[in-house]
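Here is how the chains run, residue by residue.
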Amino acid sequence: MDTYSRFPVAFRRGRGVWLWDERGRRYLDAVAGIATCTLGHSAPALRRALGRQLQAVQHVSNLYRIPEQEALAAWICEHSCFDRVFFANSGAEANEAAIKLARKHGHERLGADRPVILTARASFHGRTLAAVSATGQPRYHRGFEPLVSGFRFFPYNDIAGFDAVLDAVDPDAGTPVAVLVEPLQGEGGVHPGDPAFFAHLRRRCTERGLLLIFDEVQIGMGRSGALWGYQKLGVEPDAFTLAKGLGGGIPIGALAVKRHADHFVPGDHASTFGGNPLACRAGLTVAGELMRRDLVAHCESMGVLLREQLDQLVQRHPSRLAGTRGWGLLQGLVLQPGELKAPAIAARALEERLLVVPAGPDVVRLVPPLTIGPRELQELVRRLERAIIALG
Ligand SMILES: *Cc1c(COP(=O)(O)O)cnc(C)c1O
């Protein structure tokens, strides 16, 4: 179906941060499957582990114990503040699970007949009906009304604005039960969360018995330069969702919760494919490589380097570029207001054999594999500069 406006190129082979198209031309990939290919393309560890898994067993359903799933859940819990994990297949599905959990929390713990979940303006939580209803961007809603009810939107990083929205929920119309929020807004323009704002969210949620749920679908799994985005903010949520980077390019999603937020009982939620042996083997392999190769620290130092080079790029082109924002290897190059838009830069970059993806009209998003090295980063910025210059 005609759901994507695609670039006229198809990739047949990948290695590390490089992709080759059908004519054998080589591209530097700063999209990485939109922040999914954590270890780069065709990572040897992933190839080996998935090959072995395919020879053993791929899918059995959740009617039976799945040791790979138990091991991945154990790894997530051991390295985070959480105690239990539910596996899905995508970010939107993980957020669907979080939304159901929040509603159950409201019904059972807060006696809420009409639970209300607060989410941020300019947020992005996915495209299923509930996830899109949670997304604070009207352009994703248009044509799909009626939306799922029970969401209210607050301004991101705005303490007084959040309090105003929380306090304005009319008790006759609904009861706030949860806040669902990205530690760094990715699709919405690469806006890092403000620690003071998030400390305030934590305080207000604890005070009122609301679940604080972080959507770490894009920023989780090392991309921020910390293993989890919440560590950048110094605030522990009650639950978080993961997906993009978790499987290194194999579809997987997850909802992790602290014990006190573990409200699901058998029959409440399910997924045929969720947590299958193949996807969980992929997750375990990505996790293992992050630890073995110290890739989170590597991501942090490469992020600093990328940021320095982008700042210099901004200094060289002040009439076109306004600045940079981001954490680790999720960086946004912010354009000056004007004619030049991020989709045009992405299209021109393709001709320079560089893949980048916009985050809204005014931000070029850079999310290379966490394995990228300093020489490749330099080459990335060189190609990006050529694209910007070529656009006049
Ligand atoms: C990409 C993304 C989603 C949606 O994930 P899908 O796997 O496309 O469903 C949700 N939340 C955030 C923060 C994302 O970046």
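Summarised in this report is the structure supplied together with it. (Residues numbered from 1 in each chain as written. Predicted model: local features only at pLDDT ≥ 70, side-chain atom pairs only at ≥ 80, totals over all residues. Heavy atoms only, no water.)

**Re the packing of aromatic side chains**
Scanning all chains against the criterion turns up 14 aromatic pairs. Pairing F11 with Y27 gives two aromatic rings, centres 5.1 Å apart and planes at 80°, and the pair type is edge-to-face. In this pair, F11 is assigned in strand β1 (residues 11-15) and Y27 in strand β3 (residues 26-29), connecting sequence segments 16 residues apart. Relative accessible area serves as the criterion here: at 2%, Y27 is assigned to the buried category. Here F154 and F162 contribute two aromatic rings whose centre-to-centre distance is 5.0 Å and whose plane-to-plane angle is 85°, an arrangement assigned as edge-to-face. Judged by its relative accessible area of 0%, F154 is buried. A network of ring pairs unites the aromatic residues F154, Y156, F162, F197, F198 and F214 as a single cluster. (Phe/Tyr/Trp six-rings, centres within 6.5 Å; stacked < 30°, edge-to-face > 60°. Helix = DSSP H or I, 4+ residues; strand = E, 2+ residues; numbered from the N terminus. Buried < 20%, exposed > 50% of the residue type's maximum accessible area, 1.4 Å probe, protein only.)

**Some points on unusual backbone geometry**
Negative phi characterises most residues that are not glycine, and trans characterises most peptide bonds. Following E145, the chain continues into P146 via a peptide bond in cis, with omega recorded as 5°. Take P146: it is sitting in the loop between α6 (138-141) and β6 (151-154). Despite not being glycine, N157 has its phi angle at roughly 60°, a positive value. With respect to the secondary-structure elements, N157 resides in the loop between β6 and α7 (159-167). Looking at N157, the relative accessible area reads 29%, which means it is partly exposed. Within the chain, R353 stands out as a residue other than glycine whose phi angle is a positive 60°. When its relative accessible area of 26% is taken as the criterion, R353 is described as partly exposed.

**Digging into the nonpolar core**
Core analysis: the largest hydrophobic core is formed by 92 residues, its most contacted members being V179, V181 and L384. The element best represented in this core is helix α11 (residues 295-316), accounting for eight residues. Two domains each donate at least three residues to this core, and these are domain 1 (11-37 + 294-390) and domain 2 (45-292). Setting aside residues up to four positions removed in sequence, V181 forms contacts with A120, H125, F154, Y156, F198, L201, L212, I213, F214 and D215. A97, A98, F151 and V257 belong to the second largest nonpolar core, which has 21 residues in total. (Core = buried A, V, L, I, M, F, W, Y, C linked by side-chain atoms within 4.5 Å. Domains from an automatic or database assignment. Contact = heavy atoms within 4.5 Å.)

As far as function goes, none of this settles anything; it's purely spatial.
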